[in-house]
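Analysis of the macromolecular model
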Amino acid sequence: MRCSGEQKPAQQQRHSMFMARSLIRRRCSSTAAGDVPARKFTDVEGCCLDAREEQTVVSEIFGSLLRGRSTLPYFMLVAFEACGICRFALLLLFSPVYYFLNSCVSESSATRMLIFLTFAGLKVRKIESVARAILPKFFSEDVHPVAWRLFSSFGKRYVLTSAPRIMVESFARDFLGADTVIGTEIQATKSGIATGFVKFPGVLARVVKRNALKAAWKGSNAPDVGVGDCKNDFSFLSLCKEGYVVVPTSGNSTVPKPLRREKFAKTIVFHDGRLVQRPTPFLALVILLWMPVGFFLAVLRIAAGVFPMRWARTLVTILGVRLVIKGRVPPAAAASSKPRAVLQAEEKNGRMIKQQQRGSGVLFVCSHRSLLDPIFLSVASGRRITAVTYSISRFSKLIAPIKTVALTRNREQDASNIRKLLAEGDLAICPEGTTCREPFLLRFSSLFAELTDQITPVAMNCRMSMFHGTTATGWKCMDPFFFFMNPRPVYEVTFLPQLPLHLTCAAGKSPHEVANCTQQLLAGTLGFECTNFTRKDKYRMLAGHDGSVVTVPAAATHAKPASTAPAAPAAHSITLAQCDQTCRSSLVVAASCSSSQKCMVLAGAQVQQDIA
């Protein structure tokens with residue numbers, strides 16, 4: 001009797017623990033709605049993907065399609081890019097409150113707080129611009145590979161999220177192939193200013209998310225498959241015929257690697273924004289503490305350009321900028337007061353081709369990674385080289401340590417100006433016309449090939465750890481400062497051999513063939529891919545306009561595409577898949593050759609970019 005009396009409290013304690021665990025299981029396997037029966041959901045890896053082309057899938061994006069479950073970093077991105085450093089700091093200050101509300105109160109209250117702090121007073125058009133041009137790059141770096149494999153196997157795809165629809169719709173439709181995006185709707189005034197509040201029925205969480213799916217689902221049958229995480233998505237999962245959850249990784253589990261870029265429905269070629277990394281609260285604190293120091297350091301690094309170029313390399317190295325120079329630096333060309341004699345006209349293929357006047361200077365044809373390309377070219381060569389550019393702010397032109405000349409986008413006038421500059425000495429030009437951050441080269445303008453045969457390709461590349469030194473929608477005058485604000489930026493300058501004479505227009509090559517050959521040389525050296533995108537394509541994607549500074553007649557602005565194929569119409573658009581097929585053969589052959597043979601292999605390759 002004594003023994004049983006001692007065992008009774010222990011049995012009651014075990015029984016109460018068992019009942020508590022059972023209650024937790026019931027809560028995790030059912031929804032918050034009282035009329036929904038309990039259901040258990042399995043891991044996404046257990047889903048059969050055979051014959052799913054005619055079926056429908058509904059998935060949450062945070063914690064399911066994306067590995068990260070927190071929306072805070074993406075709200076901080078919107079705050080930094082759309083409003084500025086003050087709103088960014090405010091979100092960092094309230095980050096502990098967000099985590100407390102999300103874990104102890106409700107997901108709805110935490111999301112409402114973020115929406116108010118981030119969106120209040122912003123133009124809806126600005127929020128849409130950030131969601132279109134900036135957020136997809138950071139979303140794509142965190143896609144869950146298993147969840148994406150399930151999501152992409154279905155013919156009809158729905159995204160149901162508690163986050164604001166305006167933030168995720170562009171990425172979900174363009175890169176995940178979603179047909180419908182259902183999310184929290186934000187309020188705005190008649191003039192398009194966000195109030196910071198949400199529309200009825202509020203934040204889509206738990207039962208509200210379930211009701212939103214019911215309202216949006218017009219079919220007689222329920223969705224075939226639902227995907228969510230194990231926290232707040234069981235309400236809408238219970239509506240689906242099959243429900244799967246993305247199980248969070250524990251401390252001993254291996255975090256799955258993010259999805260590779262080639263797996264997406266669309267490849268990310270252009271993106272905007274200043275921040276290089278997704279701002280977690282810790283990284284945001286580091287950025288805020290570094291910015292005053294970084295700005296002072298940027299001023300010192302820019303001031304180094306007032307010294308002679310042979311000293312500037314040592315000064316920037318001391319100030320923390322790493323400059324990597326490869327290849328043989330060409331000697332300076334002797335200046336001449338007038339160009340060489342005009343080459344005699346020759347008859348070829350039944351038509352007369354007049355050779356253009358050839359300048360005495362060397363033309364450095366560079367890949368375009370930032371506004372500082374010609375400056376680092378000058379530092380690497382030890383002499384100041386004049387640069388021509390399509391657009392440059394007055395402030396950037398004022399602080400530039402080299403001579404910069406803006407092109408007018410009038411082909412005849414630009415050709416005349418370049419000839420005069422070449423007659424005075426060496427000249428640097430970026431035929432892409434704009435920068436590209438990803439490992440792609442944009443279409444080369446063929447104008448440079450018509451003006452000289454002394455063409456020296458230069459492969460430029462740069463690496464940054466905190467801030468991007470380029471922008472399409474921000475203040476371009478701040479580009480040099482943001483680049484030099486990086487703690488240890490790296491610039492690589494690779495001088496390639498001068499283009500052989502038989503590969504120039506002097507040997508009968510067309511300007512488009514020369515431009516293609518030069519593009520392939522630089523792409524092979526950098527390990528990049530060639531595309532047929534242009535400056536106008538970039539600005540239409542990121543900023544909603546064509547990036548033109550002045551308006552000139554259309555006949556003067558549309559250059560022929562740099563391709564051996566016939567000229568394409570002005571409204572050109574080539575997919576990355578098409579471009580990859582045209583460039584793959586040359587790049588694969590070049591990769592198997594030695595470094596000395598690579599340039600010759602690529603120089604002889606011709607790109608077939610038929611965009612008809």
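Predicted model only: the values in this text are computed from it and were never measured.

A look at unusual backbone geometry
- Phe200 connects to Pro201 through a cis peptide bond whose omega is 10°.
- When you line up the elements, Pro201 lands in the loop between strand E6 (194-198) and helix H10 (207-216).
- Although it is not a glycine, Ala51 sits at a positive phi angle of roughly 55°.
- Positionally, Ala51 belongs in the loop between strand E1 (42-43) and strand E2 (56-59).
- Even without being glycine, Arg206 reaches a positive phi, approximately 55°.
- If you trace the backbone, Arg206 turns up in the loop between E6 and H10.

Structural notes on the packing of helix H4 (residues 95-105) against helix H5 (residues 107-119)
- Two elements in contact, H4 and H5, have axes separated by 7 Å at closest approach and are oriented at 160°. Classified by the interaxial angle, the pair formed by H4 and H5 is roughly antiparallel. Here H4 contributes Val97, Tyr98, Leu101, Asn102 and Val105 to the contact with H5, which in turn contributes Glu107, Ser109, Ala110, Met113 and Leu114.
- The class makeup of the residues in the contact of H4 with H5 is seven nonpolar, two polar and one charged.

Topic: the UniProt feature "transmembrane region" (unreviewed entry) in the chain
- Mapped onto the present numbering, the UniProt feature "transmembrane region" (unreviewed entry) falls on residues 74-101 and 282-304.
- With 89% helix and 0% strand, residues 74-101 has its two end C-alpha atoms placed 18 Å apart.
- Annotation note: span residues 282-304, helix share 96%, strand share 0%, distance between end C-alpha atoms 32 Å.

Brief notes about the packing of aromatic side chains
- In total, this model carries 23 aromatic pairs according to the counting rule given.
- Note on Phe467 and Phe482: the rings are 5.6 Å apart at their centroids and 65° apart in plane angle, and the pair reads as edge-to-face. Note that Phe467 is positioned in the loop between strand E17 (455-463) and helix H17 (479-484) and Phe482 in helix H17, a separation of 15 residues in sequence. Of the two residues, Phe467 and Phe482, neither departs from the other in class, the shared state being buried.
- One aromatic cluster is present, formed by Phe62, Tyr74, Phe139, Trp148, Phe171, Phe175 and Phe264 through successive ring pairs.

Focus: the packing of helix H3 (residues 85-93) against H5
- Packing of H3 against H5 leaves a shortest axis separation of 9 Å and a crossing angle of 160°. When the interaxial angle is binned, H3 and H5 end up roughly antiparallel. Seen from above, H3 lies across H5 with right-handed handedness. Where H3 approaches H5, its residues Arg87, Leu90 and Leu91 are matched on the opposing element by Leu114, Leu117, Thr118 and Phe119.
- Grouping the constituent residues of the contact of H3 with H5 by class yields five nonpolar, one polar and one charged.

Focus: the sheet that holds strand E13 (residues 386-389)
- On the basis of which strands lie adjacent, the open sheet formed by seven strands has the order E9-E18-E17-E12-E15-E13-E14 and mixed pairing. Each having just a single partner strand, strand E9 (322-326) and strand E14 (404-406) make up the two edges of the open sheet. Each neighbouring strand pair of the sheet contributes to a mean axis angle of 25°, computed without reference to strand direction.
- Here three bridges tie strand E12 (residues 363-366) to strand E15 (residues 427-429), and the two strands are oriented parallel to one another. Each residue of the ladder has a partner; that of Leu363, found in E15, is Leu427.
- The sheet contacts of helix H16 (residues 411-424) involve E12, E13, E14 and E15, and relative to E15 the element is tilted by about 140°.

Criteria and thresholds
Residues numbered from 1 in each chain as written. Predicted model: local features only at pLDDT ≥ 70, side-chain atom pairs only at ≥ 80, totals over all residues. Heavy atoms only, no water. Helix = DSSP H or I, 4+ residues; strand = E, 2+ residues; numbered from the N terminus. Axes fitted to C-alpha atoms, helices over the stretch in contact; angles between N-to-C directions. Parallel < 35°, antiparallel > 145°, perpendicular 65-115°, else oblique. Contact = heavy atoms within 4.5 Å. Nonpolar A, V, L, I, M, F, W, Y, C, P; charged D, E, K, R; others polar. UniProt positions renumbered as here; feature names shortened; annotations may be inferred. Phe/Tyr/Trp six-rings, centres within 6.5 Å; stacked < 30°, edge-to-face > 60°. Buried < 20%, exposed > 50% of the residue type's maximum accessible area, 1.4 Å probe, protein only. Left-handed = near helix turned anticlockwise from the far one by under 90°. Pairing = 2+ DSSP bridges.

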